[in-house]
Amino acid sequence: MKLVCVDCSAERSWREFSMACSCGGRLEVVQDLSRVDGERLKTLFHERLAERMSVYASGVWRYKELIFPELPEEYIVTKFEGNTGLYTSEPIRRKLGIRELYFKAQSENPSGSFKDNGMTVAVSHGRSLGYNRFACASTGNTSSSLAMYAAMGECTSQVYVPNRSISMNKVLQTLAYGAQVIRFDGTYDDGIRFLEQHGAELGLYVCNSVNPFRIEGQKSIIYETAQNLNWELPDWILIPGGALSNVSALGKGLRDLKNLGMIDKVPRIALIQAEGASPFHRMMAAGKEQLTPETHPATKASALNIGNPPSWQIARRVLQLCQGVTCSVSDEEILASKRMIDQSGIGCEPASAATLAGLSKLLNDQTIGKEESALCILTGNLLKDTEILAETTDEMLHSGLAHVTDEVVSS
Ligand SMILES: *Cc1c(COP(=O)(O)O)cnc(C)c1O
Ligand SMILES: [Zn+2]
């Protein structure tokens, strides 16, 4: 395993930490999979489903050979993340009229979001290099996840969280795990910039979305889904896009599986953004080559409130490779879809519901055919944003009953 700059192709060892290449380019993990036998791996991954206490009981480390083969087990900090449900919902499927529909509930991760899939790998990598102080800038879920793993690994964490447009639940969860929370006036993008400039001098291992080890860990979402579906993936995978790290990981994971012959057909990806924070969709829809950042992103789906997604180049490459599409949906559409997902019993936070809203839209304009199959990746937990829940469930509360038996029986 080595790190390679996506701009100038310079290589470096994974045994040193740096946020970027000296040319400023992004670093990507490159693994030599030429001697890996895909069929043998399928058998190994299947056998590991019986593990209970070892690191291989984790839904990330089960796939260690494809994620971080060189890392000594003693450095791994795990909460048996992944291992999340793959569901169908007949009422939603019928309403949309699509042949086959799945939901992958990454919301069931230990800190309540898919960020755990990547964070277990980044924190484990940092510990293997001797770091005991970790940091990130976050709209919320990244910080809760980092705070949780840092605490589990007996390390400290420092997180930079914008003052506005974030969910208080996520900040409270982060504080509860013992992190030092630094609030600031500005956006997520400002927090990233600060850590890029000062992380190294402060001796911090930085776990931002571009951290290449987080991306490696997030590939497990597609490995686990493929394994659950006996290595046959649906025609479409829908995923919400904020910083665009998850779609980058998804593309990378699909490429691994295809190259190793573990899947025959690569699904198409539909990347869904919230209208108020959709610089990537606007660039793709206009056929432009350069992303124009949004300086005032605004969506109620706080996990998607990112105006300058750091991974847009990789995301564009991913979509080109798998004939992907993009689309944007309004906050109203997101909240209506969220209600459907919540009432199906699966549940999710607003950002995740962008997937279902996008699916409706793409079925309507016939980008996705009703005879096809689709999978929505639900990224975060229902209880991650109780402010939105309070707003949207208010009228559902029966209020003002004086005598519970009489009035309920007579109504
Ligand atoms: C982080 C996050 C996203 C966005 O993922 P990116 O990798 O930033 O595109 C979507 N939903 C939830 C719940 C998240 O926490
Ligand atoms: Zn470079």
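Only a predicted model underlies this, so the values are computations on that prediction, with no experimental measurement involved.

1. Comments concerning the coordination of the zinc ion (ligand 2)
Thought 1: Every protein donor of the zinc ion (ligand 2) is listed here as Cys 5 (SG), Cys 8 (SG), Cys 21 (SG) and Cys 23 (SG), and their distances to the metal cover 2.3 Å.
Thought 2: If you look at the zinc ion (ligand 2), its 4 donor atoms make angles of 104 to 116 degrees with each other, and the shape they trace is tetrahedral.

2. Some points on the pattern of salt bridges
Thought 1: Enumeration over the complete set of coordinates arrives at 23 salt bridges.
Thought 2: In this structure, Arg 12 and Glu 16 form a salt bridge, with 3.5 Å as the shortest nitrogen-oxygen distance.
Thought 3: On the accessibility criterion, Arg 12 (22% relative accessible area) is partly exposed.
Thought 4: Residue Glu 16 is classed as partly exposed on the basis of its relative accessible area of 39%.
Thought 5: Among the ionic pairs, Lys 219 bridges to Asp 256, the shortest N-O distance being 2.8 Å. Residue Lys 219 is located in the loop between α8 (212-218) and α9 (220-228), and its partner Asp 256 is located in helix α10 (residues 245-259); the two are separated by 37 residues in the primary sequence. Summarising the burial analysis for this pair, Lys 219 and Asp 256 share the class buried.
Thought 6: Each of the salt bridges in this network shares a partner with another, and the network as a whole consists of Arg 99, Glu 100, Asp 235 and Lys 265.

3. Regarding the site of ligand 1
Thought 1: The environment of ligand 1 is formed by 16 residues, the closest being Lys 115, Asn 141, Ala 243, Ser 245 and Thr 379.
Thought 2: A distance of 2.6 Å is found between an oxygen atom of ligand 1 and a side-chain nitrogen or oxygen belonging to Lys 115.
Thought 3: Note that an oxygen atom of ligand 1 is positioned 2.8 Å from one of the backbone N or O atoms of Gly 242.
Thought 4: Taking 380 Å² as the accessible area of ligand 1 by itself, protein coverage stands at 97%.
Thought 5: Considering only residue class, the shell around ligand 1 consists of 7 nonpolar, 7 polar and 2 charged.

4. Structural notes on the domain arrangement of the protein
Thought 1: According to the domain assignment, the protein contains domain 1 (1-30) and domain 2 (86-112 + 214-391).
Thought 2: If you average the C-alpha positions of domain 1 and of domain 2, the two centres end up 27 Å apart.
Thought 3: Taken together, the 4 residues of domain 1 in the interface contact 6 residues of domain 2.
Thought 4: Summed over both sides, the interface of domain 1 with domain 2 buries roughly 510 Å², with 45% coming from carbon and sulfur.
Thought 5: Contact with domain 2 buries area across many residues of domain 1, yet Arg 26, Glu 28 and Val 29 alone supply 82% of it, more than any other trio.
Thought 6: Applying the counting criterion to the domain 1 and domain 2 interface returns 1 salt bridge.
Thought 7: Notably, a salt bridge pairs Glu 28 with Arg 317, separated by 3.5 Å at the nearest N-O pair.
Thought 8: Put simply, domain 1 and domain 2 have 2 residue pairs in polar contact (both at pLDDT 80 or more) between them.
Thought 9: Residue composition of the side of domain 1 that touches domain 2, by class: 2 nonpolar, no polar and 2 charged.

5. So, the environment of Ile 239
Thought 1: As for its position among the elements, Ile 239 is in strand β10 (residues 236-240).
Thought 2: Ile 239 sits in the buried class, given a relative accessible area of 1%.
Thought 3: Separated by 33 residues in the primary sequence, Ile 239 and Ile 272 have C-alpha atoms spaced 6.1 Å apart.
Thought 4: Setting aside residues no more than four positions away along its own chain, Ile 239 makes contact with Asn 246, Val 247, Leu 250, Ile 269, Ala 270, Leu 271, Ile 272, Thr 355 and Ile 377.

6. Digging into unusual backbone geometry
Thought 1: Positive phi, close to 75 degrees, is recorded for Leu 244, a residue that is not glycine.
Thought 2: Taking relative accessible area as the criterion, Leu 244 reaches 3% and is therefore assigned buried.
Thought 3: Of note in this structure, Gln 323 is not a glycine but carries a positive phi near 50 degrees.
Thought 4: Here Gln 323 lies in the loop between α12 (312-321) and β12 (325-329).

Each value, and the rule that gives it
Residues numbered from 1 in each chain as written. Chains lettered and ligands numbered in written order. Predicted model: local features only at pLDDT ≥ 70, side-chain atom pairs only at ≥ 80, totals over all residues. Heavy atoms only, no water. Donors = N, O, S within 2.8 Å, 3.2 Å for Na, K, Ca; no water. Tetrahedral: all angles 85-135°; square planar, octahedral: opposite > 155°, others 65-115°. Salt bridge = Lys/Arg side-chain N within 4 Å of Asp/Glu carboxyl O. Buried < 20%, exposed > 50% of the residue type's maximum accessible area, 1.4 Å probe, protein only. Helix = DSSP H or I, 4+ residues; strand = E, 2+ residues; numbered from the N terminus. Near = heavy atom within 4 Å. Polar contact = N/O pair within 3.5 Å; in protein donor to acceptor, adjacent residues only side chain to side chain. Areas by Shrake-Rupley, 256 points an atom, 1.4 Å probe, with all protein chains shown as cover. Nonpolar A, V, L, I, M, F, W, Y, C, P; charged D, E, K, R; others polar. Domains from an automatic or database assignment. Contact = heavy atoms within 4.5 Å. Buried area = accessible area lost by both parts, 1.4 Å probe.

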